[in-house]
Amino acid sequence: AGAGAGGGGTRFDLEKETELRFEVEAGEKVQLELLTGLAEVFGSELNRNKKYTFPPGSKIAVFTWQGCSVSLSGKTEVAYVSKDTPMLLYLNTHAALEQMRRQAERDNERGPRVMVVGPTDVGKSTVCRLLLSYAVRLGRRPTLVELDVGQSGVSVPGTMSALCIERPADVEEGYSVQAPLVYHFGSTTPGTNIKLYNKLTSCLAEVFSQRCEVNRKASVGGCIINTCGWVKGSGYQALVHCASAFEVDVVLVLDQERLYNELKRDLPHFVRVVLLPKSGGVVERSKDCRREARDDKIREYFYGFRGVSFYPHAFDVRFSDVRIYKIGAPSIPDSCLPLGMSQDDTQLKLVPVTPGRDLTHHVLSVSCADEGEEVAGGVRRGLLESPVCGFIVVTNVDTQAQVMTVLSPAPRPLPRHTLLIMDIRFIDLK
Ligand code: ATP
């Protein structure tokens, strides 16, 4: 592939089945334009002569099945063309899934339920996006189930969610997030409360199955489940649990033969476990990089991004007007548990919290739960399994006046009064 000047940018001519990979430098923006031919970014087609802008830190691959030329302008950290991509294998995977959807349509069955697994930085989210975009381009309506509580593609970190995909992800902005179903998990790793993680996985599976019963297109479209990169110990058990809760038909294992063998051994024989290579383009992300991505996701929730600006509201909330809970009491030795209580109960227990200064900067989920719900033995039933309707950030706590100031996407009053604390903090610099 030759690089040369063209329209103020650098021109790249790509042969068929190759991709241009680039990373945008910190503090810079890069513009991409398709000049000739056909190309796509993670499964979403590019329009000719439209300028796509990517923010600092973006890691992008422009792939072409037929050949194309594109121009890049702005500062990139790296930009190179690769001929060595697993895209053909990914496309074949998509074709096999589409075959299953056709069969489901014909036999009045349900479409494929697919779980994508692998260690961190192997491109799980990217493979999910690719498979969803290809399916939706054929008129399917697959559901994305996002179980990656560290780097959610759907909502803020610390959540688990499901989203019906109706159009390919936007090249610049990702999924159009309309009415996702979101649950509060509260932290960025499943390990903080594995019981809750598994419980919410089951909740999502149940809601998805109910939807499939009443919506034929959703049933045929099936789902693509994105999981966490934690694949050992309880993390591995969580994958096995997810496979059974969703009754998955296919597991795509990216890049790890050991995990592939373990799942083949532990899942029922009718589950197809497939090992796929990772793309050489997937970039490893440092801890800082991940933290920044999480921060960006929360900032976007309140302030919007790119073309769309939101104007969040700041107002005071009286302690007496809300009920604040943390999920999970600190674990205590089994021998100290009250009679008839198990460790599970402590992990799923709702602990009422009186706001103190240490609540400052914490993200809180606003639960959709009905206010008048029963309190049975200290466990408010229904609250854990209730989706959330939004998020706020505590920006100040005044214990003297018994009020806290919050940042909220909507003006006062809060739509609901039950709030769940996340471990996650957001410092609002605006
Ligand atoms: P996590 O460990 O957070 O779950 P992951 O396995 O889901 O990560 P992705 O988020 O899919 O990994 O990919 C990591 C990064 O690599 C992303 O920024 C993505 O845009 C980039 N990326 C993926 N594939 C390519 C490619 N072929 N060329 C260049 N960049 C890529």
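One structure accompanies this document, and this report is about it. (Residues numbered from 1 in each chain as written. Predicted model: local features only at pLDDT ≥ 70, side-chain atom pairs only at ≥ 80, totals over all residues. Heavy atoms only, no water.)

To continue, consider the pattern of salt bridges. Tallying each qualifying case throughout the model produces 23 salt bridges. Here Arg137 makes a salt bridge to Glu40, at a shortest N to O gap of 3.2 Å. Residue Arg137 is located in helix 2 (residues 124–137), and its partner Glu40 is located in strand 5 (residues 40–41); the two are separated by 97 residues in the primary sequence. (Salt bridge = Lys/Arg side-chain N within 4 Å of Asp/Glu carboxyl O. Helix = DSSP H or I, 4+ residues; strand = E, 2+ residues; numbered from the N terminus.)

On to the sheet that holds strand 8 (residues 59–64), then. Strand order in the open sheet formed by five strands is 6-5-8-3-10, with antiparallel pairing between adjacent strands. Both outer strands of the open sheet, strand 6 (44–45) and strand 10 (76–82), are each paired with one neighbouring strand and no more. Bridge analysis of strand 3 (residues 18–24) against strand 8 gives six bridges, and the strand direction is antiparallel. Following the sheet pairing, Phe22 is matched in strand 8 by Ile60. (Pairing = 2+ DSSP bridges.)

As a further point, take the layout of surface pockets. One number sums up the size of the second largest pocket: a volume of about 350 Å³. Along the wall of the second largest pocket there are 24 residues; nearest its centre are Thr192, Lys326, Ile327, Gly328 and Asp423. For the lining of the second largest pocket, the secondary structure elements donating two or more residues are strand 21 (323–327) and strand 28 (418–425). It is strand 28 that contributes the most residues to the lining of the second largest pocket, three residues altogether. (1 Å grid on protein atoms, 1.4 Å probe; cavity = no way out; pocket = protein on both sides within 12 Å on 5 of 7 lines; lining within 4 Å. Points joined across faces, edges and corners; volume = space filled by probe spheres on them.)

In this section: the pairing of strand 27 (residues 403–408). With respect to burial, strand 27 is a largely interior element, six of its six residues being buried. Here strand 27 shows no split at all, with Val403, Thr405 and Leu407 on one side and Met404, Val406 and Ser408 on the other all buried. Inspection of the sheet shows strand 20 (residues 313–318) paired to strand 27 by six bridges, in the antiparallel sense. Counterpart to Arg318 in the pairing with strand 27 is Val403. The pairing of strand 26 (residues 388–398) with strand 27 spans five bridges and is classified as antiparallel. Along strand 27, the bridge assignment pairs Val394 with Val406. Hairpin connection from strand 26 to strand 27: four residues lie between these consecutive antiparallel strands, with Gln402 at a positive phi of about 60 degrees. (Buried < 20%, exposed > 50% of the residue type's maximum accessible area, 1.4 Å probe, protein only.)

This paragraph deals with the packing of helix 1 (residues 87–107) against helix 2. Helix 2 packs onto helix 1 with a crossing angle of 50 degrees between their chain directions and a minimal axis gap of 10 Å. Here helix 1 is positioned oblique relative to helix 2, judged by the angle of their axes. Read as a crossing pair, helix 1 and helix 2 show a hand that is right-handed. Contacts between helix 1 and helix 2 involve Met87, Tyr90, Leu91, His94, Leu97 and Arg101 from the former and Val127, Leu130, Leu131, Tyr134 and Ala135 from the latter. (Axes fitted to C-alpha atoms, helices over the stretch in contact; angles between N-to-C directions. Parallel < 35°, antiparallel > 145°, perpendicular 65-115°, else oblique. Left-handed = near helix turned anticlockwise from the far one by under 90°. Contact = heavy atoms within 4.5 Å.)

Turning our attention to the side chain of Thr159. Residue position: Thr159 is located in strand 13 (residues 159–164). For Thr159, the side chain forms a polar contact with the main-chain oxygen of Val156, separated by 2.6 Å. Once residues within four sequence positions are removed from consideration, Thr159 is found in contact with Asp148, Val149, Ser152, Val182, Tyr183, Phe185, Phe391 and Met422. (Polar contact = N/O pair within 3.5 Å; in protein donor to acceptor, adjacent residues only side chain to side chain.)

Now for the site of the ligand. Around the ligand sit 21 residues, and of these Glu19, Lys59, Ser125, Thr126 and Arg285 come closest. The backbone of Lys59 places a nitrogen or oxygen atom 2.7 Å from an oxygen atom of the ligand. Contacts to the ligand include Asp148, whose side-chain N or O atom sits 3.1 Å from an oxygen atom. Secondary structure elements with two or more residues in the shell around the ligand: strand 3, strand 8 and helix 2. Counted by class, the shell around the ligand contains six nonpolar, seven polar and eight charged residues. (Near = heavy atom within 4 Å. Nonpolar A, V, L, I, M, F, W, Y, C, P; charged D, E, K, R; others polar.)

So, about empty space enclosed by the protein. If a probe the size of a water molecule is rolled over the atoms, the empty space left behind becomes visible. What the rule picks out here adds up to one cavity of 30 Å³ or more. Counted as a void, the largest cavity has a volume near 70 Å³. Forming the boundary of the largest cavity are Leu147, Pro190, Ile194, Tyr197, Thr227, Cys228, Trp230, Gly235, Ala238, Leu239 and Cys242. Every element with two or more residues in the lining of the largest cavity is listed here: helix 3 (194–214) and helix 5 (233–245). Residue contributions to the lining of the largest cavity peak at four residues, all from helix 5. In terms of residue class, the lining of the largest cavity is made up of nine nonpolar, two polar and no charged.

So yeah, pure geometry; function would need other evidence.
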